[in-house]
Amino acid sequence: MASSYQLKNFDVFLSFRGEDTRRGFVSHLHKALTQHSVQTFIDDNLTRGENISEELLKVIENSSVSIIVFSKNYASSSWCLDELAKIIECTKKVLPVFYQVDPSEVRKQKGDFGRVLTKLEKKIKDKTKVRRWRDALSKAANISGWDDKNSCTDSELVEKIVEEISNSEFIKMPSNNATMQLVGINSRMEAVAKLLAIESNDVRMVGITGLGGIGKTTIAKAIYNRFSNHFKAKSFVENVREWSKTEQGKIHLQETLLKGISEDKNLRVSTLYEGTTRINRILRLKRFLIILDDVDNADQIETLLGQCECFTSGSRIILTTRNKRLLANRNGLSTYDYGVKGLDEHEAIELFRKHAFPSNEVPEDYLELEKQAISYAKGLPLALKVMGGYLCGQPIDYWDEALDWYEKNLDEGIGNILKRSYEGLTEDEKTIFLDIACFFKGYDMRYNMIKNVLKACGLYPVFGIQNLIGKCLLTTYQDFLSTTYQGNYYLSMHDLLQQMGMDIVRQEALQKPGERNRLWCYDEEALDELTEDMVLDKIRSIILWPRKSEPVEVQIKTQFSKMKNLRLLLIRNVRFCNGPLECLPNGLRLLDWRDFPFSLWPPSFFPKKLVVLNLPYILFKEPVVKQIFVSVTHVDFSDCNLITKISDLSMTPNVTNLILKGCSNLVEIDDSVGCLDKLKVWDLDCCHKLETLPNCLTMKSLTSFNLRGCWRLKKFPNILHEMKGVEYLYLEGNFTKELPPSFGNLIGLKRLLVIPISGVAHLPGSIYNLQHIEALDFHGNVIFPKNVEIDGQPVCNSLRCSSKYVFPMLNQLWLIDIEIRSEIEFILNYCCPFTLEQLHIYHSELVTLPESMSRSERLHTLVIVGCNELREIPRLPHSIRRVEVEDCDSLDLQSFFQLLPEIIGLPLNLPPCVISDMLMFPHSSTMLPIGSTVKGTEGRLCEFRFEVSGDENDIPNWFNHQRDGNLISFWIGPEFPIIALCITFGTQAYPYYFGYHVFVSINNSEQTFERKSISTLKTGHLVFCYRPQSSLQELFRDLQLTDRNHVQILCETFKPFSSPREIGYTVKRIGVHVECNCLSLQSGLGLPMDTENGSDLGLAFDSSNVDGFDLGSSSVAQPPENDDFNSNQFTLWERMGRLLIGLFLMVLLIYQLAVCNFK
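Residues numbered from 1 in each chain as written. Predicted model: local features only at pLDDT ≥ 70, side-chain atom pairs only at ≥ 80, totals over all residues. Heavy atoms only, no water.

## Some points on the packing of aromatic side chains
- As enumerated under the stated definition, the model contains 46 aromatic pairs in all.
- Their ring planes at 90° and their centres at 5.2 Å tell us that Phe288 and Phe311 sit as a pair that is edge-to-face. Here Phe288 is found in strand β8 (residues 288–295), whereas its partner Phe311 is found in the loop between α15 (298–305) and β9 (316–321), with 23 residues between them in sequence. Accessibility assignment for this pair places Phe288 and Phe311 in one class, buried.
- Residues Phe596 and Phe598 carry aromatic rings whose centres are separated by 5.4 Å and whose planes lie at 80° to one another, so their mutual orientation is edge-to-face. Both residues of the pair, Phe596 and Phe598, count as buried.
- Each member of the aromatic cluster is reached from another via a ring pair, and the members are Trp593, Phe596, Phe598, Trp601, Phe605, Phe620 and Phe629.
- The ring of Phe826 is capped by Lys786, whose NZ or CZ atom sits 4.8 Å from the centre of that ring. (Phe/Tyr/Trp six-rings, centres within 6.5 Å; stacked < 30°, edge-to-face > 60°. Helix = DSSP H or I, 4+ residues; strand = E, 2+ residues; numbered from the N terminus. Buried < 20%, exposed > 50% of the residue type's maximum accessible area, 1.4 Å probe, protein only. Lys NZ or Arg CZ within 6 Å of the ring centre and 35° of its normal.)

Below is the structure:
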């Protein structure tokens, strides 16, 4: 047979009888599939013979879908029937079409269709082949397909088939090897695909956004290749921004779009209106996928898509753009934004090596240089490709110089791509961008501060910064770890964008820095240039920050007087050595001078527009901040050890941030500070000698008030008005002994920490006004007022089951070093709502927890440490997940352990088991050693974990498997069981800090069961951890259990990274509570059972090694005493006989197990 086709993978294989359908229905179907980019095999040019060719069989095997067109003469062709048999045998998806033939005739091989088949069968001697044909016909006819009787015309039938095929999960676009090999493409494609939601019937627009060179177009092309076959109309329109510069270019874009979505590939457009009209007419009739690449304004979208109205359901539009704002307000379209992130470190290395080391072999002496290149690119694919290409094949000295050059210069190719975004900015936006790139990045990127400074410079920062964010030139992030500056967020900029901004400024005057409008001096050479007699009146901002270990000495005499336009000044690590400072520019908006070396301001310094005054470590004893700083909003005098007093600030009413942290000699703050109505952040952290605060606080805007470490404070100020902004308050010192009645005006408090250094803190009656408190933390004795009313009812008469909770939103409570037992009882009974989630009690006079604690349905953590009077813990709620009880000497551990099965629903009646331990040879573990990589260690740990002080004798009896040492094994059946562990640790050394791993192996498949670090002061520690059946099943999701499965559990201790001591703890004993099938093994051997006496073999074994079998010391849970049993009632010979019988039975058991495992 002449094979005129190439062997390759096809989407669709067409099987049909040529004389019936080739020139009609099948030709239309083939054309329609091809137009939808579905690769379809049709045997137009095959030479027919008796038998189907091997090549054709391969084509069938490699096709994703087969369409079988049954017609009246289909069964007259042995070729067609051979195709059918092969299709049924191997094709993933089969779609039958019954064209002018009844499906029941095909299924039953009756009627005209059956007669044609019978006629053919008479010519065939191979009856096996005939049976194979008939079976295939029956199976194919039973598959849901299409009957031409249900469609009015052939064209409608073709349309239905094509739609089904296009949406088939088996059909993929032709694989683009280049696309599939792109670094990091798969995860990004999946993220965009999730937003596209092809199966959804709405019309949606997805933006692929990010800075230039990040890979937006690459992702869009990959998406188009993957999904375009799902749509009747599709088009990828490239370089929209570039073509849109002229009217003829816009018409070209319209024609490109029309060629993709119209069946007429030769359409021409005369005017923009004509093009838009034609496009919209088609888009209202067809479900489409359109990708517009590199769009930068809304007019371009309107030129190509009109007003985005009345599109066909299920259509998708993708934009690649640097302007996120284009996704807003698209006439009700569902819009989604996928912001492309840079490559991670592993992806960056892979991409760089593709271009720098095509062989992927990196010489060892190039590794450090490679790290420099990766660090420079910061995940930008464009930079990695460009640098890799330049450095490929070059010697190491070339790499050294090239990377040094890159640190100071921006590659032209990279710069041109990045500058496109800059060139589209307004003049105001360009100024803001360059100020951030050349000054704020690397200094302080807090949005509020930048906004205030730029606004004082006559700019419009709120509008401008949002536009820069929308155009992917800036990003934002929140500092969630900071409690000092709440409600603020930070701006961020890619390093290469910063370098581009600096390069733009540098081009203003390459050889004359003084003629640029921004100056940054990070080395001595630059400082030397600044100190020369230069023209400096153009300079807008200066950074003097030499990166040396010691301050650099400079002499600046008259330079500042020449800088009439200087707005931003930052000085670090510089020492002025030519006497007192004579002048500073009065036009400054920001002055940040660390270690300001002068004790007075220059006499002519009156900066009326100054907004930010940052002077850490200044030499002022009492900083004068009066009328000369009338506009200042941000004041930072942190770590100024000479300051003893903050004087009158009434002339600076605009202050929003007052940072005085670390002023270790500050004693007094003037009353005027308490009247600063705009003050939001007031930081007094570690002002250890501070005694006097303003008598009253009247500001309502305060959001952060940090008093941590102010333990000499004499009095907490009166709060004259309700404050909603302050959410966290740290009060440490004897001033807490008597807080003012107005304390309750801090109604926004969510967390309160009170530490009376000595004596008792008496809380005011207004404490109950703090109805938003979520966390209370008391370190020392406190007394709550009792003779007050809540909504007319006395507190002491309120029941926790009523709605009159004292702190209804409380979810965390910490009680530490509280000696007044009645106060502990009051707090637990009246301050804790049923919504409490965490309870921590340390070194306090706790006797018991209230019974009502069992109704706290959200309580998941209970920690009790050093409470020597604690005698019992009553029933705990089922929500509990973590319990730690340590150094509570009066607690009955066994009564506590009886609570655990009830909490998590463990059965207590499991019999003790020794059979598994008898089968464990010494050192028989196949578990991985600690430090080995175990699949699944990154998964979640045990859902339940309880810890107490104790030793190996404290493991409860209901742990039915117990064994000394760190290894235990047993057998389970075909279902994953519940596994609960009890592990005891001990040390002879000084107890301190250790960690432990628990590994579980099922049929030699290992996973991490638990991992934890523990701090303890006891020589013995006991841990209980638990995994329910679903958790264990998820842990071993790839493991198929058999009827019998061997389980081993290994526990090892390790030294945590932060521990200064060597590990001294070892595993003493392990207990396991599990429903095993160890007993079924012994019963299969006909062995007697005596579970009452703790022996599976009817023998009472003592703790010893018997012929090499390590039974451990007390290898089973200790059975209850049996008065009827006495080993001394047997004679010596009787006992020896029973022992020999037992040994014989064990050998027999081991032999049978070995035979079973071998099979």
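Following the structure, the description resumes.
## Considerations on the pairing of strand β29 (residues 751–755)
- Where burial is concerned, most of β29 is hidden: 4 out of the 5 residues are buried.
- When strand β28 (residues 728–732) meets β29, the two strands line up parallel, connected through 5 bridges. Residue pairing across strands places Leu729 opposite Leu752, the latter belonging to β29.
- Where β29 lies against strand β31 (residues 775–779), 4 bridges are found, and the strand directions are parallel. Its bridge partner being in β31, Arg751 is matched across the sheet by Ala775. (Pairing = 2+ DSSP bridges.)

## A closer look at the packing of helix α14 (residues 272–283) against α15
- Packing of α14 against α15 leaves a shortest axis separation of 7 Å and a crossing angle of 65°. Classified by the angle their axes make, α14 and α15 are roughly perpendicular. Along the contact surface, α14 presents Leu272, Thr276, Ile279, Asn280 and Leu283, while α15 presents Glu302, Thr303, Leu304 and Leu305.
- Looking at the contact of α14 with α15, its residues break down into 5 nonpolar, 3 polar and 1 charged. (Axes fitted to C-alpha atoms, helices over the stretch in contact; angles between N-to-C directions. Parallel < 35°, antiparallel > 145°, perpendicular 65-115°, else oblique. Contact = heavy atoms within 4.5 Å. Nonpolar A, V, L, I, M, F, W, Y, C, P; charged D, E, K, R; others polar.)

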